[in-house]
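# Summary of structural features
Here is how the chains run, residue by residue.
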Amino acid sequence: RLINKKIKPNLEQYLQEDDADILVKLKDNLEDLLEIDKHYSRKENLVFPYLEKYGITAPPQVMWGVDDEIRAAIKECVQSFSNTSLNKREAAEQLEAALDRVEEMIFKEENILFPMALETLSEDEWLRIARESAEIGFCLYKPVKEWKPKRVDLEEKAAQEGEKPAGDGYITFETGSFTQPELEAMLNTLPVDITFVDKDGIVKYFSQGQERIFARTKAVIGREVSNCHPPASVHIVENIVADLKSGKKDHEDFWIQMGDRFVHI
């Protein structure tokens, strides 16, 4: 819009008239056009790194080179129109060539770069790009509204449902998060008994499924695992723990007969 509504009409008028005011307007227009540096910088420093992560390296490298040429061309135009011994026709041709390159880049971005980026980048990556854009700045127009993808705010959802997340928030993992009641419900619903022993051999947790195989009481929490077994089987437990801790084994499994059930441990 800057090019079509301001620069081109002012350039045409400048060529037809000896009007100092038009020259001032053109200089102001070119200063505005230099803001394209911020757009290119966001593209190069926020979009290109994510594309490269997916192995898309050649298009960004080529485009960055052209971006630099366009930056230089606009700066040369600014210098030309500030030159007191200005040759109108030469300056106009120089500016028209620079504008053509800007418009060509807009076409490449809209028809090649951005469709490719939209196909490749995840929503979370776009969110990071959006959040970091302000640090570089915006070209001609600063967004008045923060972009928020259509996704559920889990904290807000918990509050609406009257849930109180553990601590000040969710129990967060690399691949998602739970409220404490959600996590407990999931673990207790699994059709297995789970007992967790930490790196120091201390029992820290057990699940409470509806059909428990082994009896557990909360008194077991905080005990050494070897103290939770009959003396006759302690040595077996200690050997299993030693093998797992040393890396000799990654797992230990066996079957035992318990009344009418054949249990896999």
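Within each chain, residue numbers correspond to sequence positions counted from 1 in written order. Reporting of local features is limited, given that this is a predicted model, to residues whose pLDDT is at least 70; pairs of side-chain atoms are given and counted only at 80 or more, and all residues count toward the totals for whole chains, interfaces and linings. In computing side-chain values, all of the structure's heavy atoms are included and hydrogens and water are not.

## Focus on the side chain of E44
The cut-off we apply is this: Put simply, DSSP marks the helices as runs of H or I at least four residues long and the strands as runs of E at least two long, and each gets a number from the N terminus on. The buried label goes to any residue with under 20% of its type's maximum accessible area, the exposed label to any with over 50%, and the partly exposed label to all in between, with areas taken from a 1.4 Å probe on protein chains only. Pairs of residues are marked as contacts when any of their non-hydrogen atoms sit within 4.5 Å.
Within the element layout of this structure, E44 appears in helix α3 (residues 36-53). Exposure remark for E44: the relative accessible area of 3% places this residue in the buried category. With residues near it in sequence (within four places) discarded, E44 still touches P49, W64, D67 and R71.

## What about the packing of helix α2 (residues 20-33) against helix α4 (residues 58-82)?
A pair of packed helices can be characterised by two numbers: the angle between their axes and the separation between those axes. Stated formally: Note on geometry: axes are lines fitted to C-alpha atoms, helical ones only across the stretch in contact, with angles between N-to-C directions running from 0 to 180 degrees. When an angle is under 35 degrees it counts as roughly parallel; over 145 it counts as roughly antiparallel; between 65 and 115 it counts as roughly perpendicular; any other value is oblique. For a crossing to be left-handed, the near helix must be turned anticlockwise from the far one by less than a right angle; the clockwise case is right-handed.
It is the contact of α2 with α4, at a shortest axis distance of 10 Å, that shows an interaxial angle of 160°. Relative to α4, the element α2 is oriented roughly antiparallel. At the point where α2 passes α4, the crossing takes the left-handed sense. Facing α2, whose interface residues are L23, L26, K27, L30, E31 and L33, α4 presents I74, C77, V78, F81 and S82.

## A short note on the confidence of the model for the chain
For the record, the criterion: As a per-residue measure, pLDDT tells how confident the predictor is, with possible values from 0 to 100.
Of all residues in the chain, 93% attain a pLDDT of 70 or more, and the chain-wide mean is 88. Within the chain, no element has a lower average pLDDT than helix α7 (residues 154-160), which sits at 66, and none a higher one than helix α5 (residues 88-120), at 95.

## Here we look at the pairing of strand β4 (residues 203-206)
Convention followed: The pairing criterion for strands is at least two bridges between them, as found by DSSP.
Where strand β3 (residues 195-197) meets β4, three bridges bridge the pair, whose relative direction is antiparallel. Counterpart to T195 in the pairing with β4 is F206. Once β3 ends, the chain turns through five residues before running back antiparallel as β4, passing G201 with a positive phi of about 80°.

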